[in-house]
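Report on the structure
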Amino acid sequence: MKLTRRRALALTAGGIGLAALGGGGYTAYLYSSAKVDTIGEIDFTNALHIPPVQDGQIDNVGNRVFDLQMKPGSRRFKDGDDTATWGFNGDFLGPTLRARRGETVKVNVRNSLPETSSVHWHGMHVPAAMDGGPHQSIAPTDTWSPEWTIDQPAATLWYHPHPHGATGRHVYQGLSGLFIIDDDEEEALDLPRGYGSNDIPLIVQDKKFTSDNQFDDDPGMLSQNGVLGDEILVNGTHSPYLDVHHDRVRLRILNGSGARFFNFGFSDDRPFQVIASDGGLLERPHATRRLQLSPGERAELVVELEAGRETVLRSYPPELHVDFIDARPHGGHDAFDVLQLRTAATVSSTAAVPDVLTDPIVVDTTEVAATRTFELSGFTVNGQVMDMNRIDFGVAANSVEIWEVRNVDSWVHNFHVHDVQFQVLSVGGQPPQGHMAGWKDTVQVYNGSPVRVAMRFGDLSDPNLPYMYHCHILYHEDQGLMGQFVVLGDGEEIGTVPYSDTGHDHGLAKASSTPDS
């Protein structure tokens, strides 16, 4: 019988020792040392960095214009050597872009990195040519200038690179930022909205550091997911604390990690209210003590705080729905202290969260154009690895489809779809709970619990340039767990992907791309 890595772990855990496994003792050591628990071990010595807001400039035709530059840098995250990093407009991460529904935005993205990259607007409804996926690559010294009109509700979205086969590494080096959409409906609600004071962005990422403080991107022998770090950065801050001067605080949380699932709660187990998911407000606030987010997911919560008290935002061991052997290498036993909240002796009073936040979240499924099944296994979707030259299918513009996503192996997966926000109809045959009931673009998918989602595709058709669907565990995506589809208007048929391996012809003719002078 072939001694696979998983079987070696199982035999070792069952008591068969070094002699039987021919090295199983080392495997057992790796397995036992894979658990991470920083509860009570963090000093919280650094004030939380708040990413600056970039509102952009209004040009002569009324468009809101942003400027982003991807570039190398370095930062001292902790004592010792500086860490080599990449960032947008700085050494690590990027500014929070902010715009309103109905505005036309343009983003000038200059690539000052030593290699080709791209920038994807995660969660945004955009034309395929502006999506920033692997077909919209930006060569070194080039500038890409996508332009689109924002047509979706207020939400906390984000942007990050999406180069084919290298997304995980580019994100791990520091290339991420938030993109907040505002609208009249959300602003009419009495919610905390003082950015950086009682409305706090939190980009939560796990990292591993080498002995000289460089990012360690070695996934390790036991990992099936890529890098699982043993230290946490929040907005690029190591061991962070936040001074709070309000009795209620809104936390906009992004799981910006490449592989780790976080199960957020507070050290004193206090309840909080989830008010928004990936694509915007929930119909009603959801009271809970735990909020689990997989890579790429976002949620907004409001927590009540008491004057003169401290509490710690934690990540408790996530519920991965795998057996004991598979849980450890997927981070299923890990726990972290994430951020300390220090409430001042005197605080400002904030209104309670409204009982109703928005209209019911419903996709009309009375007329469904197609129902599709996606089986996730290893690094494949429906048995196929990603092929940049293959469009897997086309969907009709202005149509509704139902997709059923199944995890058919023992690994942990999630599923992200570009261009649309979808409604989760069921998880394992049961109605979705909590933030899963809101608008979603990324969803956790467990073995034995198929996820059914409904989505309406808009009128942004393009027969040649595709959108992606993929696992947002970035190592899985980079290894091939991704496919692509096009949106077809009346009379359109699937065309030919304008892709070349040179990295210079990925559909950029439909956006503006110019070399730097």
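Remember, predicted model here, so these are calculated numbers, not experimental data.

Comments concerning the nonpolar core
Counting residues in each nonpolar core, the largest one holds 62 residues, and the members touching the most others are W121, W148, F179, W403, F415 and F485. Every residue in contact with F415, bar those within four places of it in the chain, is listed here: F374, L376, W403, V405, D441, T442, V443, V445, Y469 and H470. Listed in part, the 29 residues of the second largest apolar core include I200, V234, F266 and F272.

Some points on the packing of aromatic side chains
As enumerated under the stated definition, the model contains 31 aromatic pairs in all. Measuring from centroid to centroid gives 6.0 Å for F92 and F215, while their planes differ by 45 degrees, and the two rings are tilted. Pair noted here: F92 is in the loop between β5 (83-88) and β6 (96-100) and F215 is in the loop between β13 (199-207) and β14 (231-234), with a separation of 123 residues, a long-range link. We note that F92, like F215, is buried. Ring centres 5.5 Å apart and planes at 45 degrees place the aromatic pair F209 and F215 in the tilted group. Taken as a pair, F209 and F215 share a single burial class, namely buried. Connected via pairs of aromatic rings, a cluster forms that spans F374, F393, W403, F415, F457, Y467, Y469 and F485. A cation over an aromatic ring shows up here: K207 above the ring of Y172, its NZ or CZ 4.2 Å from the ring centre. The lysine or arginine in question, R290, covers the ring of Y316, its NZ or CZ lying 3.8 Å from the ring centre.

Observations concerning the side chain of T167
Here T167 shows up in helix α4 (residues 167-172). Within the structure, the side chain of T167 is placed 3.2 Å from the side chain of E477, a separation counted as a polar contact. When near neighbours in sequence (up to four residues on either side) are disregarded, T167 contacts H160, P161, H162, L474, E477 and D478.

Looking at the sheet that holds β6
On the basis of which strands lie adjacent, the open sheet formed by five strands has the order β2-β6-β12-β11-β8 and mixed pairing. Two strands in the sheet have a free side with no partner beyond their single neighbour: β2 (53-54) and β8 (120-122).

Quick look at the confidence of the model for the chain
In the predicted model, the chain carries a mean pLDDT of 91, and the fraction of residues at 70 or more is 90%. Note that residues 1-23 has pLDDT below 50 and, in this model, 30 contacts with residues that lie over four places away or in other chains. Segment residues 500-517: pLDDT under 50, and 46 contacts once partners within four positions in sequence are set aside and those in other chains are kept.

Rules of the game
Residues numbered from 1 in each chain as written. Predicted model: local features only at pLDDT ≥ 70, side-chain atom pairs only at ≥ 80, totals over all residues. Heavy atoms only, no water. Core = buried A, V, L, I, M, F, W, Y, C linked by side-chain atoms within 4.5 Å. Buried < 20%, exposed > 50% of the residue type's maximum accessible area, 1.4 Å probe, protein only. Contact = heavy atoms within 4.5 Å. Phe/Tyr/Trp six-rings, centres within 6.5 Å; stacked < 30°, edge-to-face > 60°. Helix = DSSP H or I, 4+ residues; strand = E, 2+ residues; numbered from the N terminus. Lys NZ or Arg CZ within 6 Å of the ring centre and 35° of its normal. Polar contact = N/O pair within 3.5 Å; in protein donor to acceptor, adjacent residues only side chain to side chain. Pairing = 2+ DSSP bridges. pLDDT = per-residue confidence, 0-100.

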